[in-house]
Amino acid sequence: MVADVLRSGMLVQGEYVRRFEEGLADYIGAKHAVAVSSGTAALHLALIALGIGDGDAVLVPAFSFVATANAVRLAGALPVFVDISAEDYNIDVGLLEKTIADYSGEARLKAVMPVHEFGCPARLDSICRIAAKNGLMVIEDAACALGTRVNGQHAGTFGQCGCFSFHPRKSLTTGEGGLVTTDSDVLAERLRLLRNHGLTRKDERIDCILPGYNYRMTDFQAALGINQLGRFNQSLAGRRALVEQYYSGLADTPAVTLPEKKEGHAWQSLMLVLRQGSLSEWIKAARDQGIQLGAGAQCIPYTKAYGMSEGYGVAHRCERQGVAVPLYAGLDAGSVDSIIAFFRDRA
Ligand SMILES: Cc1ncc(COP(=O)(O)O)c(C=O)c1O
């Protein structure tokens with residue numbers, strides 16, 4: 001299919017991107033799907049399209065990949081961090097409500113950006129209720145959440161926009177790539193303009209309606225995505241089976257705490273929290289046995305860019321003690337058994 005793209009002569013945002021968008025809109029259950037160059041571009045574009053910028057503030061979870069907060073900053077707005085729940089690593093809904101009630105900053109609270117961390121469904125029912133009560137928009141960071149469902153409904157379809165990533169760490173990858181979903185015709189039109197320099201074409205005349213970006217996806221990337229989308233449910237089922245195996249092998253191990261096993265989880269990653277030893281010791285010991293463990297996500301407010309040092313204890317612990325175990329298509333049950341044995345033996 002990638003060779004077909006080369007032969008087509010239309011390498012960027014052509015027929016394959018259109019087909020990929022159609023397939024994703026259908027799979028996710030959104031009216032519009034707008035493909036872009038990355039998950040970060042998706043978040044940035046969604047914020048800009050919704051008119052969020054200077055003088056505005058957006059509530060974001062303290063534990064995520066830094067792009068969640070960076071996108072808010074790059075749009076000119078202020079991220080307001082909320083700590084997470086230790087059970088599922090998602091935004092703590094009680095704290096979200098309290099943060100909004102206690103908020104006294106100068107920037108206007110405009111939106112909440114929940115993350116479905118590692119593919120785990122965030123509590124969108126409560127989050128949407130709190131947002132509506134406070135006149136806030138909801139932009140879902142569904143970067144890890146293709147296949148994630150909240151009460152049966154696909155992640156990315158609850159708020160004004162849903163933003164997905166197709167980075168290689170995700171369950172469906174186009175190398176780099178992203179997507180914005182929305183049910184609004186007006187927003188979709190704006191997103192399409194903004195991803196392509198704000199250009200329109202009428203009667204072969206090109207005009208620039210508003211200053212936009214080059215956030216286009218290539219047809220090569222889309223061709224890779226179309227191919228994987230066809231067997232995505234199978235790949236999800238494979239990941240779920242591996243996760244079940246990890247849970248039955250590790251549930252009673254004193255070395256680690258497992259997250260809550262939530263209905264609708266797409267298991268992009270499985271992060272355990274270590275109860276003993278340091279993350280680097282565990283990663284090194286695993287490497288010596290040929291096992292590749294990884295870090296989970298960041299406590300964003302404590303990074304140099306955001307410069308804070310207190311107030312986000314759960315996110316901080318999850319960053320320091322969180323360890324992602326191997327989980328990918330093609331990982332065999334025997335390897336999972338060896339990884340389980342590694343954790344059990346060191347406990
Ligand atoms: C929660 C979250 N948000 C945003 C992003 C950014 O996506 P990308 O790497 O495609 O720009 C990621 C990617 O890793 C992510 O995990």
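Residues numbered from 1 in each chain as written. Predicted model: local features only at pLDDT ≥ 70, side-chain atom pairs only at ≥ 80, totals over all residues.

A sheet is described by the order of its strands in space; here seven strands give the open sequence β1-β10-β9-β6-β5-β2-β4, paired in mixed fashion. Both edges of this open sheet fall to β1 (32–36) and β4 (78–82), since each of them pairs with a single strand only. On average, each strand axis in the sheet is inclined to that of its neighbour by 30°, with strand direction left out of account. Taken together, the three bridges between strand β6 (residues 137–141) and strand β9 (residues 161–165) define a ladder with parallel strand orientation. (Pairing = 2+ DSSP bridges. Helix = DSSP H or I, 4+ residues; strand = E, 2+ residues; numbered from the N terminus. Axes fitted to C-alpha atoms, helices over the stretch in contact; angles between N-to-C directions.)

The environment of the ligand is formed by 15 residues, the closest being Ser38, Gly39, Thr40, Ala143 and Ser165. Going through the elements one at a time, α3 (39–49) and α4 (67–74) are the ones with two or more residues in the shell around the ligand. (Near = placed C-beta within 6 Å.)

Every buried residue belonging to α4 is among Ala67, Thr68, Ala69, Ala71 and Val72, and all of these are buried. Two residues or fewer after α4 comes Gly76, characterised by a positive phi angle close to 95°. (Buried ≥ 20, exposed ≤ 12 C-beta atoms within 10 Å, placed from the backbone.)

Next up on the list: the domain arrangement of the chain. Parsing the chain into structural domains produces domain 1 (2–229) and domain 2 (232–346). The centre of domain 1, based on its C-alpha atoms, is set 25 Å off from the matching centre of domain 2. With 30 residues of domain 1 at the contact, the number on the domain 2 side is 27 residues. Of all elements in the fold, only β3 (63–64), β7 (149–150) and α8 (219–229) reach the threshold of two or more residues within the side of domain 1 that touches domain 2. When its residues are assigned to classes, the side of domain 1 that touches domain 2 shows 18 nonpolar, six polar and six charged. (Domains from an automatic or database assignment. Contact = placed C-beta atoms within 7 Å. Nonpolar A, V, L, I, M, F, W, Y, C, P; charged D, E, K, R; others polar.)

The next thing to look at is the pairing of strand β12 (residues 205–208). Strand direction decides the pairing type here: strand β11 (residues 199–202) and β12, joined by four bridges, are antiparallel. Counterpart to Thr200 in the pairing with β12 is Asp207. Between the antiparallel neighbours β11 and β12 lie two residues, among them Asp203 with a positive phi of about 50°.

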